[in-house]
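# Residue-level structure breakdown
For reference, the chains in residue letters:
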Amino acid sequence: RGLWFPLETLQAVALCLRHGFVIRDPEAIERLATTDLLVIESSSALERTELELDAIQAFPGIAEEDLLRFADAAFHDLDDERAAVLHHLCRERRIAPLGVQPVEFATDVTLLHGNDCIKVGDLGTRSSESSKPHNPRNPGRTELEAADSLMVGINGRVAGLIHFRRSARLEAASTLQRLRSKRNVHIGIISNQSLPTLAALGASLGADFLLGDLTPDDRIRLLQDCRQRGFKVAYVGDCRVDPRIVAQAHVAISLVECEIHDLDDDPAPIRLLHPRLFKLGELWDIASVHQRRLKIAHRYALLPNLLCIAGAFVWGFTSLTSVVVTNLGTYGVYLRTASSIRSLERQIFRSLNLRPCLRRENPPSGVLPGTRRRTS
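What counts and how
Residues numbered from 1 in each chain as written. Predicted model: local features only at pLDDT ≥ 70, side-chain atom pairs only at ≥ 80, totals over all residues. Heavy atoms only, no water. Pairing = 2+ DSSP bridges. Helix = DSSP H or I, 4+ residues; strand = E, 2+ residues; numbered from the N terminus. Axes fitted to C-alpha atoms, helices over the stretch in contact; angles between N-to-C directions. Salt bridge = Lys/Arg side-chain N within 4 Å of Asp/Glu carboxyl O.

Take the sheet that holds strand 11 (residues 233-237) next. The seven strands lie next to each other as 1-13-12-11-2-9-10, forming an open sheet whose pairing is mixed. Unpaired on one side and paired on the other, strand 1 (21-23) and strand 10 (209-211) mark the two borders of the sheet. Ignoring which end each strand starts from, the neighbouring axes of this sheet average 20° apart. Taken together, the four bridges between strand 11 and strand 12 (residues 251-254) define a ladder with parallel strand orientation. What sits directly across from Ala234, in strand 12, is Val251.

One pass over the full model with this rule turns up 25 salt bridges. A salt bridge links Asp80 to Arg82; its shortest N-O distance comes to 2.7 Å. In this structure, a network of salt bridges that share partners links the residues Arg48, Glu81, Arg166, Glu171 and Arg276.

Regular strands place their side chains on alternate faces of the sheet. In this sheet, strand 6 (residues 116-124) lies alongside strand 5 (residues 109-113) in antiparallel orientation, the contact comprising five bridges. What sits directly across from Leu111, in strand 6, is Ile118. In this structure, the hairpin formed by strand 5 and strand 6 is closed by a connection of two residues, where Gly114 is found at a positive phi of approximately 65°. As paired elements, strand 6 and strand 7 (residues 149-154) share six bridges and run antiparallel to each other. In the sheet register, Gly124 faces strand 7, and the bridge partner there is Ser149.

Structure follows, in structure tokens:
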């Protein structure tokens, strides 16, 4: 069945996998680009707060900028939320990239820069008050664990420490705002909890509507009503609870963390391996780019045929000439797409070639190669 899909779709599926999405139905990517309503099932992922820098401890003779540059280079290709924080800090402070790739992923990530051997690894979670996470709905709760601090070593000596903490900003808020403004997608949050419980969360996320005390049958009726009103709904939640959700939604995205061997139990066409809602923005970006590329590819494919029709009436193209023109046009479209795919393959190969030993210990069976799991 995969041979029926364009090469552009193959590239989009591979790109989704790099960002932590398993695509079980390639047509779901095209449907996602046309959705205008996002319905999110309430979960702990909605309450997750953003990670931010807490403090940098640079030892004598070492600059803070160097610590950030080394840590950013080490974590650049890792599926670790601290990588995004480090990259943002380097860009904000206009710190030039180190320009080297890690040579070893073990207990620490090892870099070779000039004559220096640099190692970046987990230090552990701080017990200070500043590292405790903040919950906007209830400041007294500290459900989320603070991220591990990083230790940077140069030539066998500790050069400095980088500490992180949870902020008061909801991680999903900026992503949902961008989907609303850039993609013109309306946002709704539903839950089996009471509506007053959801009120504070919905206000923080800027949701367009909230629905509480919903049973599984209520959710199905909601999706049916949306379809009758002409809305194309992207449903985000645990689709294993009721498989009817997949049939009623325009596209369903499962948001429950699990291992690869559990994927067969989930009917959703799109599966997010880690319940991080900020990744929805990346998924929409891929779907939007994929939609544009398909339109361009279709136009390129039509040009040779239009040229043959015009040539038959104006220049007297024979059947053999038409076959040559259409084949050349098809070959040109293939070369253009294949070149783009080869470029992506080189990026994926470089990433996967570095990641087999990312884990601190042997990976359990059924886990995708290239994904990173932190250990305490």
